[in-house]
Amino acid sequence: MSSAPTIARTPTLGRIGESVQRPDGAPKTSGEFVFSSDLWADGMLWGQTLRSPHAHARILGIDVSKALAIAGVRAVLTHEDVPGDGCYGLDRPDQPVLAKDVVRFCGEPVAVVAADHPETARRAAEAVEVDYEMLATVCDAEAAKDAPAIHPEGNVIRHVVVRHGDTGAVGEVQVEGTYEVGMQDQAFMGTESGMAAPIGDGGVELRISTQWLHGDRDQIAAALGLAVEDVHITLAGVGGAFGAREDVTLQIHLCLLALHTGRPVKMIYNRGESFFGHVHRHPARLWYRHHAGRDGRLVKVEARLTLDGGAYASSTSFVLANACHFAAGPYRTPNALVEGWGMRTNNPPCGAMRGFGVVQACFAHEAQMDRLAAALNLHPLEVRRRNALRRGDSLITGQRITGATPVIELLDALAEAPLPQAAVGSVAETDMELPGGAGRTADSRHVRRGVGYAASIKNLMYSAGDDDYSTAACSLADGVVTITCACVEVGQGFVTLAGQIAREVLGISEVEISPADTSIGSAGSSSASRQSWMSGGAVLAACEAVRDDLLAHVSSKTGLAAGELMLQDGEVLSADGSFRASVAEFTAEKAFRREEVFRHIQTEEPDENGQGNIHVAFAFAAHRAVVDVDAEMGLLRTVEIATAQDVGKILNPIQALGQIEGGIAQGLGLAVMEELVIDEGKMRNASFTDYLIPTALDMCDVNVVRLVEEPEPDAPFGAKGIGEPPTISSTPAVAAAVRAATGLEISRVPIRPSDVALADSQA
Amino acid sequence: MVEVNYSQRRPSTVISIDRIPELKGWRQNGDRIEMGACMTYSEMEDPLFAAYVPSLAQAARTVGSPQIRNAGTLGGNLATASPAGDTLPPLAALNAQITLRSLRGERITTLSNLITGVKSANLGRDEVIVKVSVEAVDGPQEFLKAGTRNAMVISVATVALVLDAARRQVRIALGSVSPVPLRASAAEGWIADQVNWESPSVPDKEAVEHFGELVASAATPITDHRSTSGYRSHAVGVMAKRALARALS
């Protein structure tokens, strides 16, 4: 053993740029993580929702007497029991907490029950008698424009026009197509669940899995006629979100039941109910005409987009705006005329989902780019390269891109990536590697391979003048940092990022993250690829403020200039090395705490032509899909998706990879299988038996060929949000590969077996 | 269990038959293979079993996830009588005999007598399925299943084909294309006459094609959220051709 005394100095691990492991990773895989569905309180009741079996009907009467007569039933509530506005909504309060006169979609909540046992609650809900008078349904989004209004606010939720440049311009080469995107579901693993309990003098406490604590709080308060201070929300363990938890589902019902019964009430949707409970991705019909010169350069893009918003507004207005603003994709488009409608129908409500409107537009504009390439006999990558946006270019909304715009770099990276090998051998050896998989439908001689490409642009954060901010507090005491922020962890990785930022700024290993609740200001929603930037920015600002306070304090104690001091590995050091002391010592006698609000640059509302500096920043991605197709059976197997993405800076490599792989899985799902089938307003496949998402055997290899780290000027650490782009262009890349393998148009996703196998007879 | 989980069914009494040794596993009995009603899909995947009844092994592998295959049983698949039951077409093509028992005694029935309609089995309230028996056929067997996912998918259409060299028969049964598992008898009869049974083969590709057409025309599928009637007919035709080509290769 060495006799020389050494100062124990552990280097601060887990800083920005390191693959920091999630604290909830191991508990989630071992089953120990506490999800919102695991909540428990003594004396709690169980809630149950009664939903409309009809897509459009008038409620003539509701008789709850039989339900109330069941032993163990504590409350059966209808619209008559809802105080306050009785309505809620992300964009505008157009959706009743419980249906009043009319039900507008199949699955709309009509009554809620609280009982001692969940089975009692279910039986009571079934015992509620509702007298319905059927009304004519409006289930086609395009027909809804001329159909009788199904809601006092009319059938057009929003109409958007984007006019850019010379809308009369004509290109020598024109390609035209009509495209369709089916209704995708977020299909998170943890269904809606939570628990509410009365507190204080008429207040309520809610523990819930959500995406935005304060957004829920404000809607609950308004709907129930409470002051916002009387609604306290704590985040409970979230089992995935992907946009489906942006809207209120059971939050208001739980609070209503808790306030009415004076007891804690817990509710969990089963898998079937979950499909009825939350919003979905908008199904879309998109018509496009691209004009280009003989050299393949775009002259004009014309598009008409119709999104089916379902019965209530949710975030349809913003989803539609996004679809229209990015209708031309990541390409230089001097002239454009885009018109979009977000329609109200008697279909299930649609709202936020990863990609937020851009997914639908991207499927169509990328199919158009392939059509243009074919018309000009150009390689699909070449037509994209010739039109690729560059920094300083303007979008069809007139906004100049000031940040990183590495579209050509992304396309070139894909061009250089080697292609995967084909499966060889007998069916017994290769069945899981062939289309049809375990079903053993194909031999390798039935299979043709296709390669397809796609690229995308996505806005980051909230747009169009929204006062978007996040709040965070940093405290430092006894050498331990505590970060407090209402940012919701839905799996995106804020729980590691907040600690990484604190360690980076304060040089201290030990960082604790407080539970997220509404005792601090809003962090905004965990959506729109915004939390690393927004809440990351707030945490960074709070940590820097604490650092400055601490150094000022040390300066006052020691007489050393604050500017000469720095924090490193748990110590305060002077630049010349003459002074050195532990942070724990300084912060034992005095604790430091700062709370900061972070705002991104101000954006503008679009003018009447859809022009303006509407968005904060943009992120780009490109995908190459290799798909094996058994054309006779119409079955597919995606072999590999290669990707290159514009990320600004990688904050946590392993989580960046997780976002990319997960996003691609969701994009692949939309391409080949994920669709809620709605027939006259009725959902036909509200189960995981029939709503298919890719399994591990369907998920392809992901080859991340390039992550472009070109720091974004206004972003903390220069990092762009990376959660959405992987989902957006992966879908059209798969469709393009199927197109390449079969020569078929493939104008719709998901691609159904019959779309490929029976394409000739359908044409 | 799904119906119970969704409160669509609230049985007042549930009797577990999970620990009755006589209902478990499989055994060879002369030229027949006997399977207990509680034989799981996982057990059907066993290579030892697959060597005798490959089409059932292939079908079992397509059922659900490994967890479901560890719990789900042959008897359960029969009693549920779903048109999409994956073991049903192989059992139909193998001319399975199903043994039922009650306090009144034992009876042996065929698949077509047991399964009478969509989720409708001719099973008395006091009766349980105890055993399924099939012949150990001399000849190849094939099971093919079309679904929109490459594993863990409910079938859109299935085909089970058995080449019975001893009887000079090609037997083919279809799943998910009619209310009950369907034998394509006309296709069976026609192809049996085409096959050169000395060294099983068919004269030309046209014979395989025509066999596929006959099979497709035997199907009476519906259009639902899983697929269309047109695709289902098409798919069983294609799978029939491929199954026959594999069996003869």
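Residues numbered from 1 in each chain as written. Chains lettered and ligands numbered in written order. Predicted model: local features only at pLDDT ≥ 70, side-chain atom pairs only at ≥ 80, totals over all residues. Heavy atoms only, no water.

A.B. asks: Quick one: what's the story with the overall build of chain B, residue by residue and with numbers?
C.D. replies: Across its full length, chain B holds eleven helices and eleven strands. In terms of overall size, chain B behaves like a compact globule, its C-alpha atoms giving a radius of gyration of 18 Å where 249 residues would be expected to give roughly 18 Å. Across its three principal axes, chain B shows a C-alpha extent of roughly 60 × 45 × 30 Å. Within chain B, the proportion of its 249 residues that are buried is 52%. Sequence-distant contacts, at least 24 apart, represent 60% of the contacts inside chain B between residues at least 6 apart. Accessible area of chain B: about 11,200 Å², with a carbon and sulfur share of 52%. Taken together, the 26 basic and 24 acidic charged side chains of chain B have centroids lying 8 Å from each other. (Helix = DSSP H or I, 4+ residues; strand = E, 2+ residues; numbered from the N terminus. Rg over C-alpha atoms; globule rule 2.2 N^0.38 Å. Buried < 20%, exposed > 50% of the residue type's maximum accessible area, 1.4 Å probe, protein only. Contact = heavy atoms within 4.5 Å. Areas by Shrake-Rupley, 256 points an atom, 1.4 Å probe, with all protein chains shown as cover. Lys, Arg positive; Asp, Glu negative; His and termini not counted. Charge placed at Lys NZ, Arg CZ, Asp CG, Glu CD.)

A.B. asks: Please give an account of the overall build of chain A that cites residues and values.
C.D. replies: If you tally the helices and strands in chain A, you get 19 helices and 31 strands. Its C-alpha atoms give chain A a radius of gyration of 27 Å, near enough to 27 Å, the size a compact globule of 763 residues would have. Each principal axis of the C-alpha distribution contributes one length, and for chain A these read about 85 × 70 × 60 Å. Taking all 763 residues of chain A together, 63% fall into the buried category.

A.B. asks: Quick rundown of the packing of aromatic side chains? Include the residues and the values.
C.D. replies: Residue and element names in this part refer to chain A. Per the counting criterion, the structure on display carries ten aromatic pairs over all chains. Taking 6.3 Å as the distance between ring centres and 70 degrees as the angle between the ring planes, the aromatic pair formed by W40 and W46 counts as edge-to-face. Residue classification places W40 among the exposed positions, given a relative accessible area of 62%. Feature note: the residues F275, F688 and Y691 constitute an aromatic cluster, connected by ring pairs. We note K145 situated over the ring of W341; from NZ or CZ to the ring centre the distance is 3.9 Å. One cation-aromatic arrangement involves R245 over F188; the distance from NZ or CZ to the ring centre is 3.9 Å. (Phe/Tyr/Trp six-rings, centres within 6.5 Å; stacked < 30°, edge-to-face > 60°. Lys NZ or Arg CZ within 6 Å of the ring centre and 35° of its normal.)

A.B. asks: Go over the packing of helix α4 (residues 213-224) of chain A against helix α5 (residues 251-261) of chain A, please, and point to the residues and values.
C.D. replies: Packed helices, taken two at a time, are described by the angle their axes make and the gap between the axes. Residues and elements named next belong to chain A. Interhelical geometry of α4 versus α5 gives an angle of 50 degrees and a closest axis separation of 10 Å. Compared by their axis directions, α4 and α5 come out oblique. Both α4 and α5 take part in a crossing whose hand is right-handed. Judged by residue contacts, D216, Q219, I220, A223 and L224 of α4 engage Q251, I252, C255, L256 and L259 from α5. Taken together, the residues of the contact of α4 with α5 break down into seven nonpolar, two polar and one charged. (Axes fitted to C-alpha atoms, helices over the stretch in contact; angles between N-to-C directions. Parallel < 35°, antiparallel > 145°, perpendicular 65-115°, else oblique. Left-handed = near helix turned anticlockwise from the far one by under 90°. Nonpolar A, V, L, I, M, F, W, Y, C, P; charged D, E, K, R; others polar.)

A.B. asks: Go over the domain arrangement of chain A, please, and point to the residues and values.
C.D. replies: All names here are of chain A. Partitioning chain A into structural domains gives domain 1 (401-462 + 613-763) and domain 2 (469-599). Taking the mean C-alpha position of each, domain 1 and domain 2 sit 39 Å from one another. Facing 19 residues of domain 1, the contacting portion of domain 2 comprises 19 residues. Summed over the three residues of domain 1 that lose the most area to domain 2, namely M461, P716 and F717, the buried surface amounts to 38% of that side. Across the contact surface, domain 1 and domain 2 share zero salt bridges. Its residues placed into classes, the side of domain 1 that touches domain 2 shows eleven nonpolar, five polar and three charged. (Domains from an automatic or database assignment. Buried area = accessible area lost by both parts, 1.4 Å probe. Salt bridge = Lys/Arg side-chain N within 4 Å of Asp/Glu carboxyl O.)

A.B. asks: Can you tell me about the domain arrangement of chain B, naming the residues and giving the values?
C.D. replies: All names here are of chain B. Segmentation of chain B into domains returns domain 1 (20-135) and domain 2 (141-248). Facing 26 residues of domain 1, the contacting portion of domain 2 comprises 23 residues. In total, domain 1 and domain 2 occlude about 1,900 Å² of area from one another, counting both sides; carbon and sulfur atoms represent 57% of this. When residues of domain 1 are sorted by the area they lose upon contact with domain 2, P83, P89 and A93 head the list and together hold 26% of the total. At the junction of domain 1 with domain 2, the criterion picks out two salt bridges. For the pair domain 1 and domain 2, the number of links is nine residue pairs in polar contact (both at pLDDT 80 or more). When residues of the side of domain 1 that touches domain 2 are assigned to their parent elements, the largest contribution, five residues, is made by helix α7 (residues 88-93). Classifying every residue of the side of domain 1 that touches domain 2 gives 16 nonpolar, eight polar and two charged. (Polar contact = N/O pair within 3.5 Å; in protein donor to acceptor, adjacent residues only side chain to side chain.)

A.B. asks: Describe in detail the sheet that holds strand β15 (residues 284-292) of chain A, supporting the description with residues and values.
C.D. replies: All names here are of chain A. Read from one edge of the open sheet, six strands run β9-β17-β16-β15-β10-β31, paired in mixed fashion. Only two strands of the sheet have a single partner each, and these edge strands are β9 (156-164) and β31 (748-749). Bridging between strand β16 (residues 298-308) and strand β17 (residues 335-343) involves nine bridges; their strand directions are parallel. Residue pairing across strands places R304 opposite E339, the latter belonging to β17. (Pairing = 2+ DSSP bridges.)

A.B. asks: Can you break down the environment of L91 of chain B residue by residue, with the values?
C.D. replies: All names here are of chain B. Within the element layout of this structure, L91 appears in helix α7. What makes L91 buried here is its relative accessible area of 0%. It is 23 Å that separates the C-alpha atoms of L91 and I20, two residues lying 71 residues apart in sequence. If we skip the residues at most four places from it in the chain, L91 touches L56, L74, L78, A96, L111, V132 and V134.

A.B. asks: Now, about the side chain of S102 of chain B: what can you tell me, with residues and values included?
C.D. replies: Residues and elements named next belong to chain B. When you line up the elements, S102 lands in strand β3 (residues 97-102). A relative accessible area of 13% places S102 in the buried class. Setting aside residues no more than four positions away along its own chain, S102 makes contact with D126 and E127.

A.B. asks: I'd like to hear about the pairing of β3 of chain B, residue by residue, with values.
C.D. replies: Residues and elements named next belong to chain B. Pairing geometry for β3 and strand β4 (residues 105-110), over six bridges, is antiparallel. If you follow T99 over to β4, its bridge partner there is I108. Connecting β3 to the next strand, β4, in antiparallel fashion are two residues.

A.B. asks: An account of the interface of chain B and chain A is requested, with residue identities and associated values reported.
C.D. replies: Taken together, the contacts link 31 residues of chain B with 46 residues of chain A. Together, the buried faces of chain B and chain A total about 3,100 Å²; carbon and sulfur atoms form 49% of this surface. Taken together, the connections running from chain B to chain A amount to eight salt bridges. For K241 of chain B, the salt bridge identified is with E632 of chain A, shortest N-O distance 2.8 Å. Our count for the chain B to chain A interface comes out at 24 residue pairs in polar contact (both at pLDDT 80 or more). Among the secondary structure elements, those contributing two or more residues to the side of chain B that touches chain A are α4 (54-61), β8 (141-146) and α11 (229-248) of chain B. With nine residues, α11 of chain B is the largest single contributor of residues to the side of chain B that touches chain A. Grouping the constituent residues of the side of chain B that touches chain A by class yields twelve nonpolar, ten polar and nine charged.

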